[in-house]
Amino acid sequence: MNHFDYLNGDLHVEQVALSQVAERYGTPCYVYSRAAITDTYRAFEAAFGVRDHLICYAVKANSTLGVLNVLARLGSGFDIVSGGELARVLAAGGNPRKVVFSGVGKTAEEMQQALMADILCFNVESEGELARLDAVAARTARTAAVSLRVNPDVDPRTHPYIATGLKENKFGIPYADALALYRRARDMRHIRIAGIGCHIGSQITATAPFVAALDKVLELVDRLQAEGIALAHIDIGGGLGIRYLDESPPAIVDYARALIARLGNRPLQLLLEPGRALVGEAGVLLTRVEYLKHGQEKNFAVVDAAMNDLLRPALYDAWHAVQPAREALNKGAMPLRNSLTSEETSRAISPVSNIFQRFLGESSSGGKVYDIVGPVCESGDFLARARSLALSEGDLLAIMTAGAYGMSMSSNYNSRPRAAEVMVDGTQMHLIREREAVSELMAREMLLP
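Here we summarise the structure given alongside this text. (Residues numbered from 1 in each chain as written. Predicted model: local features only at pLDDT ≥ 70, side-chain atom pairs only at ≥ 80, totals over all residues. Heavy atoms only, no water.)

1. Describing unusual backbone geometry
As a reminder of what qualifies: Put simply, DSSP H or I for four residues or longer makes a helix, DSSP E for two residues or longer makes a strand, and each gets a number counted from the N terminus. Remark: exposure states derive from per-residue accessible area (1.4 Å probe, protein chains only) relative to the maximum for the residue type, with buried under 20%, exposed over 50%, and partly exposed in between.
Residues Thr27 and Pro28 are joined by a peptide bond in cis, for which omega reads -5°. Tracing the backbone shows Pro28 in the loop between helix H1 (18-25) and strand S4 (29-33). With a phi close to 55°, Asp317 is a non-glycine residue in the positive phi region. Note that Asp317 resides in the loop between helix H11 (312-316) and strand S16 (322-324). By relative accessible area, which is 53% here, Asp317 ends up exposed. The phi dihedral of Asn414 is positive, around 65°, even though this residue is not glycine. Mapped onto the elements, Asn414 comes out in the loop between strand S19 (396-399) and strand S20 (420-425).

Encoded structure:
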């Protein structure tokens, strides 16, 4: 089912025109489809089927309470990397017994917070962290369930900023050191060994790196078993990519099949930590054109969203499709397909991915070539480059595939209030975050006496 589509010339999310969202809540504004999140989560569940598994949504991808609440109601677990994210999961109705705590810099206070919440497991990333966790658990009269996050030194073939499983990365325990650290953990009074895991990166578009990492971790599983160290689960991490431009990520069903085949009959629960793959395609950023600047070298469309709202283009040189809210503004755009073939449906990475195939490039006719830029005082403040669009000042645009690492990475740079967020559910619009006011940005500041 297409959750983002043109209807009578207006770009809709489910059954609501994005122009209606902008009229009611203003711009910039993040807009999410509840159905898109739900369908993708259920696609993951169906792909792993009867194989014992737990999907732990990577909260860092989008930590807005309304998004977390949708997933909590579906029964999702959660992968957190801070005490703040744990507080958000609990506030959104998440089950702490389905929470895993990752991250290289857990403080003693965060460890205590998680122990008192009775989370499922700590993904331990260093020898020092294991020793600290044992001490904190002793002080709180608790036992900490742990899984060592092993760094398998596998190249995920992704952007270097989001590769996490190589020797030069800060994440995880070196593969050669893992067995010795498990032996040490076995002797700690307030540590209980629960599992083993790895996470090699984000936006991975092939199954081979996942399989290579899993194979290396399974070698350790077998060695641990030989030493009498029993494990309850294996955490393969997240990182499954989505399509922004011309990527060809594996279908969820193929990804699942590859992992399940490698696990074989081992009686281990499989933990997964998808983030981007669950919410990336479910959101757009609405922005309005303030000014058009036409020059000899370049044309600029200055919009009211900026790098503080969506950092990915400036940080990673990331590509996001840009679509007009009114289809007539882009007469040369590719025609929208209203249905998918059976083969496309079965091969889709998620139920919404093929929707974006027609958003992969704006028209090469019917308009000028623009850089879509924001008002922030940085030359790196751009949302898209070299897009051919027929634009006028005041036009409403949708920055597509912005559900992951959009709002969660936003800031108040240039003293800009953060955007509003809206969840669309069928014909209903739900405000899930009010737009910030400038007064709120200064609320905790004070003048000198």
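Now that the structure has been shown, the text picks up again.
2. A closer look at the sheet that holds strand S1 (residues 4-7)
Put simply, the rule reads: At least two bridges found by DSSP between two strands are what make those strands a pair.
Read across the open sheet, the three strands follow the order S1-S2-S3; overall the sheet is antiparallel. Each of the sheet's edge strands pairs with one partner strand only, and the pair in question is S1 and strand S3 (16-17). Two strands pair when backbone bridges link them, and S1 and strand S2 (residues 10-13) are joined in this way by four bridges, in the antiparallel orientation. In the sheet register, Phe4 faces S2, and the bridge partner there is Val13.

3. What to know about the pattern of salt bridges
Using the following cut-off: A pair is scored as a salt bridge if a Lys or Arg side-chain nitrogen falls within 4 Å of a carboxyl oxygen belonging to Asp or Glu.
Taken as a whole and judged by the stated rule, the model has 16 salt bridges. Residue Asp254 pairs with Arg257 through a salt bridge whose shortest N-O separation is 2.8 Å. One end of the pair, Asp254, and the other, Arg257, are both in helix H9 (residues 252-263), three residues apart, so they sit about a helical turn from each other.

4. Some details on helix H5 (residues 108-117)
Just so we agree on the cut-off: Summarising the geometry, the arc corresponds to the directions from the helix axis toward the C-beta atoms. Note on contacts: a residue pair is in contact if any heavy atoms of the two residues lie within 4.5 Å.
Where H5 is concerned, the buried positions are Glu110, Met111, Ala114, Leu115 and Ala117. Buried residues along H5 cover an arc of 165° about the axis, so they all sit on one side. At its buried positions, H5 is contacted by helix H4 (83-91), strand S7 (99-101), strand S8 (121-124), helix H6 (127-139) and strand S9 (144-151). Phi turns positive one or two residues past the end of H5, at Asp118, with a value near 65°.

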